[in-house]
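Descriptive analysis of the structure
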Amino acid sequence: MDHHNRHVYHCPLRWGDMDALGHVNNGRYVDYLQDARVDFLFRTAKELGADALETGLLVARHEVQYRAPLLFRPEPVRIELWISEIKAASFMVDYEILDAEPERRTYVEARTRLVPFDFSANRLRRITPVERDALSKLVGA
């Protein structure tokens, strides 16, 4: 599998994220995904001049599949994300939360559909050519 078109974010675990069994609470994973996505969008948007991608987005849908419980530990968990689809007025971010070494153990697979939003005009908007170009750099698997 080709992973070079993925953005990697190392997400620290916090003790307060755990349930009574010492596993990450399922509700916290959406926060982790958001942290990874914001890290990607801020850096990519800045580098590629697509600044509206930093803030002008709404989450239209989350899908989360839990593969294995994630136990508390001091080292961060790895989140890999990539763009799986770009439409005229939305795009899809796919994620894996995993340990890369030694055998790529996956804890969560997820996807988020994001829609660009013009907050000054209070309406949805289309993806611009500059944004499409920026996002297309991370299209892959």
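The text that follows walks through the structure, step by step, so that each part is easy to find. Everything quoted here is computed from the prediction, not taken from an experiment.

A closer look at the environment of His 10
One can find His 10 in strand E1 (residues 7-11). Distance in space between the C-alpha atoms of His 10 and Leu 58 is 24 Å, their sequence separation being 48 residues. When neighbours within four sequence positions are excluded, His 10 is seen to be in contact with Pro 76, Val 77 and Arg 78.

Looking at the pairing of strand E5 (residues 105-118)
Of all the 14 residues making up E5, eleven are buried; the element is thus mostly covered by neighbouring parts of the structure. Of the pairings in the sheet, the one linking strand E2 (residues 57-66) to E5 comprises nine bridges and is antiparallel in character. Bridge assignment links Val 64 to a residue of E5, and that residue is Ala 110. Two elements, strand E4 (residues 91-99) and E5, share nine bridges in a ladder whose sense is antiparallel.

What about the environment of Val 108?
Note that Val 108 resides in strand E5. Judged by relative accessible area, which is 1%, Val 108 ranks as buried. Along the backbone, Val 108 and Trp 15 are 93 residues apart, and their C-alpha atoms lie at a distance of 19 Å. When neighbours within four sequence positions are excluded, Val 108 is seen to be in contact with Tyr 29, Val 64, Gln 65, Tyr 66, Arg 67, Tyr 95, Glu 96 and Ile 97.

The rules behind each value
Residues numbered from 1 in each chain as written. Predicted model: local features only at pLDDT ≥ 70, side-chain atom pairs only at ≥ 80, totals over all residues. Heavy atoms only, no water. Helix = DSSP H or I, 4+ residues; strand = E, 2+ residues; numbered from the N terminus. Contact = heavy atoms within 4.5 Å. Buried < 20%, exposed > 50% of the residue type's maximum accessible area, 1.4 Å probe, protein only. Pairing = 2+ DSSP bridges.

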